[in-house]
Amino acid sequence: MKFATKAIHAGVEPEPHTGAVMTPIFQTSTYAQEAPGVHKGYEYSRTHNPTRTALQKNLAALENAQFAYVFSSGLAATDTLLRTFQPNDEILVTDDLYGGTYRLFVRVIQNFGLKFNFVPMTDANGIEKHITPQTKLIWIETPTNPMMSVIDIEAVAKIAKKHKIMLAVDNTFASPYLQNPLDLGADVVMHSATKYLGGHSDVVMGVLAMNDASLAEKIAFLQNAVGAVSAPMDCFLMLRGIKTLHVRMQRHCENGRKIAHFLRNHPKVEKVFWVGLEDHPNHEIAKKQMRDFGGMVSFILKGDDLEEAKRVMSSFKIFTLAESLGGVESLCTHPATMTHASIPKEQREKAGLKDTLIRLSVGIEDADDLIGDLKQAIG
Ligand SMILES: *Cc1c(COP(=O)(O)O)cnc(C)c1O
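These numbers come from a predicted model, not from an experiment. (Residues numbered from 1 in each chain as written. Predicted model: local features only at pLDDT ≥ 70, side-chain atom pairs only at ≥ 80, totals over all residues. Heavy atoms only, no water.)

When you look at the domain arrangement of the protein in this model, what are you seeing that I'm missing?
Quite often, the size of an interface is put as the accessible area lost when its parts meet. Domain assignment breaks the protein into domain 1 (3–242) and domain 2 (245–378). Centre-to-centre separation of domain 1 and domain 2, based on C-alpha positions: 26 Å. Tallying the contact residues gives 37 residues for domain 1 and 37 residues for domain 2. For the pairing of domain 1 and domain 2, the buried interface totals around 3,100 Å² over both sides, and the portion due to carbon and sulfur atoms is 60%. Across the domain 1-domain 2 interface, the total number found is two salt bridges. With a shortest N-O distance of 3.9 Å, Glu154 and Lys288 are connected by a salt bridge. Where domain 1 meets domain 2, there are 18 residue pairs in polar contact (both at pLDDT 80 or more). (Domains from an automatic or database assignment. Contact = heavy atoms within 4.5 Å. Buried area = accessible area lost by both parts, 1.4 Å probe. Salt bridge = Lys/Arg side-chain N within 4 Å of Asp/Glu carboxyl O. Polar contact = N/O pair within 3.5 Å; in protein donor to acceptor, adjacent residues only side chain to side chain.)

Pasting the structure below:
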């Protein structure tokens, strides 16, 4: 089956008792047993829930995975994967990372004896020298937030395989419509399904998907033993959102392309970061591993004037000033004062993140209206 058919049908069967075409919300915590231990595969909803089962099968299909598991947030998914490691294991992590993942690694999991080493990974050749006999996991995110750097998944996977290290990819920014890391050699895919997968800014959820049965067994055990599971209603909303993922992504990419080109030609804009631009430093890798380039666009205003950036961001009429991304509605964020405020200014600027950098999550509204809004706000 091709992607669009899988998005709508994978894992979803008419309900056997009534024929309901849409997966019901099995809003139950427990299930009747005929005799002690005799049941229909469902005992307690932390362990299994039919709405969740349907969603997990659907997500596995979208990532070309044998197994997928959902969690109460993207960070809960990451936390659960990290619980398969031991004290003194080393984790190599890309230095350009979602802030919440950085916080989870450094301020929570590090306290349990795991060691994290943050290194640049846009040049995959630079990774190998950081590998030690204790290195057990490489964690990457591509494209990154908000600089839109791209990491070569296939190249990193080759290095990971050579050293028998697990490779996990945070695929949130691309979505499975644009990129399938397992096909490129990764071992685990993680998603904040809160973003493009859900697509309507109404659910917080995380996903882990993999092909290896022994890892899947560990994750299934932890999903139940730790218990950061998704509620039936959220699983229903996620299934509903995913049915239009391919159509939404097509429009996100189309609008992203138009807006990136509009901004590039704007006299008040210094630089545009969109992985589809031919002069983006990692464009060739993006072209190799992504089917299109998505709707995440960052840009820097000329003049290094923080107050001007704030004025622009307060002048939008359609773009909403808010964290998060990937919904049908267009959002804008100001990383320097919002998502990345905890990183010192000097360190931010070293990574290219200037105070006048504005990040757009381009939605699926009419592109002319979005461009009109940028025109009036930037002036
Ligand atoms: C939002 C996000 C996360 C965290 O997911 P939550 O669902 O908010 O817990 C992780 N990685 C990336 C790239 C994200 O954008």
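Got a minute to help me understand the pattern of salt bridges in this structure?
Two side chains carrying opposite charge are able to pair once their charged atoms lie near each other. Enumeration according to the criterion identifies 16 salt bridges in this entry. A salt bridge links Asp292 to Arg257, with the shortest nitrogen-to-oxygen separation between them at 3.3 Å. Of this pair, Asp292 sits in the loop between helix 10 (283–289) and strand 9 (296–301) while Arg257 sits in helix 9 (residues 245–264), placing them 35 residues apart in sequence. Through salt bridges that share partners, Lys345, Arg348, Glu349 and Asp355 make up one connected network. (Helix = DSSP H or I, 4+ residues; strand = E, 2+ residues; numbered from the N terminus.)

Before we go on, may I ask you to explain the sheet that holds strand 11 (residues 331–333) in this structure?
Consider a sheet: its strands pair through backbone hydrogen bonds, and that pairing is either parallel or antiparallel. Strand order in the open sheet formed by five strands is 8-9-12-11-10, and the pairing between neighbours is mixed. Edge positions in the sheet fall to strand 8 (269–273) and strand 10 (320–321), since each has one partner strand and no second. Note: strand 10 against strand 11, two bridges, orientation parallel. Counted as the bridge partner of Leu321 is Cys332 from strand 11. (Pairing = 2+ DSSP bridges.)

Explain the pairing of strand 9 here, please?
Looking along a regular strand, one sees the side chains alternate between the two faces of the sheet. Burial analysis of strand 9 places six of its six residues in the buried class, the great majority of the element. The two faces of strand 9 match: Met296, Ser298 and Ile300 on one face and Val297, Phe299 and Leu301 on the other face are all buried. Taken together, the four bridges between strand 8 and strand 9 define a ladder with antiparallel strand orientation. The partner of Val269 across the bridge, within strand 9, is Leu301. Strand direction decides the pairing type here: strand 9 and strand 12 (residues 357–361), joined by five bridges, are antiparallel. Within the sheet, the bridge partner assigned to Val297 lies in strand 12 and is Leu360. (Buried < 20%, exposed > 50% of the residue type's maximum accessible area, 1.4 Å probe, protein only.)

For this particular structure, what's the right way to read the environment of Asn265?
Relative to the assigned elements, Asn265 resides in the loop between helix 9 and strand 8. Separated by 3.1 Å, the side chain of Asn265 and the backbone oxygen of His261 make a polar contact.

Help me out: how do you make sense of unusual backbone geometry in this one?
Apart from glycine, the bulk of residues carry a negative phi angle, and the bulk of peptide bonds sit in the trans form. In this structure, Pro143 follows Thr142 across a cis peptide bond, with omega equal to -10°. Among the secondary structure elements, Pro143 is positioned in the loop between strand 4 (135–141) and helix 5 (153–162). Here the amide bond leading from Asn145 into Pro146 is cis, since omega sits at -5°, within 30 degrees of zero. The residue Ser201 is not glycine, and still its phi comes out positive at about 50°. Tracing the backbone through its elements, the reader meets Ser201 in the loop between strand 6 (188–192) and strand 7 (206–210). A relative accessible area of 44% places Ser201 in the partly exposed class. With phi around 50°, Asp304 is a residue other than glycine that occupies positive phi space. Checked against the element boundaries, Asp304 lands in the loop between strand 9 and helix 11 (306–315).

Would you mind showing me how to read the packing of helix 3 (residues 74–82) against helix 4 (residues 99–108) here?
Relative to each other, helix 3 and helix 4 sit at 35°, their axes nearing to 10 Å. When the axes of helix 3 and helix 4 are compared, the crossing they make is right-handed. In contact with Leu75, Thr78, Asp79 and Leu82 of helix 3, helix 4 contributes Gly100, Thr101, Arg103, Leu104 and Phe105. (Axes fitted to C-alpha atoms, helices over the stretch in contact; angles between N-to-C directions. Left-handed = near helix turned anticlockwise from the far one by under 90°.)

Which parts of the structure should I look at to understand the site of the ligand?
Not every one of the 13 residues close to the ligand is listed here, only the nearest: Gly74, Asp170, Ser192, Thr194 and Lys195. Interatomic distance of 2.8 Å between a side-chain N/O atom of Ser192 and an oxygen atom of the ligand. Residue Lys195 places a side-chain N or O atom 2.7 Å away from an oxygen atom belonging to the ligand. When grouped by side-chain class, the residues that make up the shell around the ligand number five nonpolar, five polar and three charged. (Near = heavy atom within 4 Å. Nonpolar A, V, L, I, M, F, W, Y, C, P; charged D, E, K, R; others polar.)

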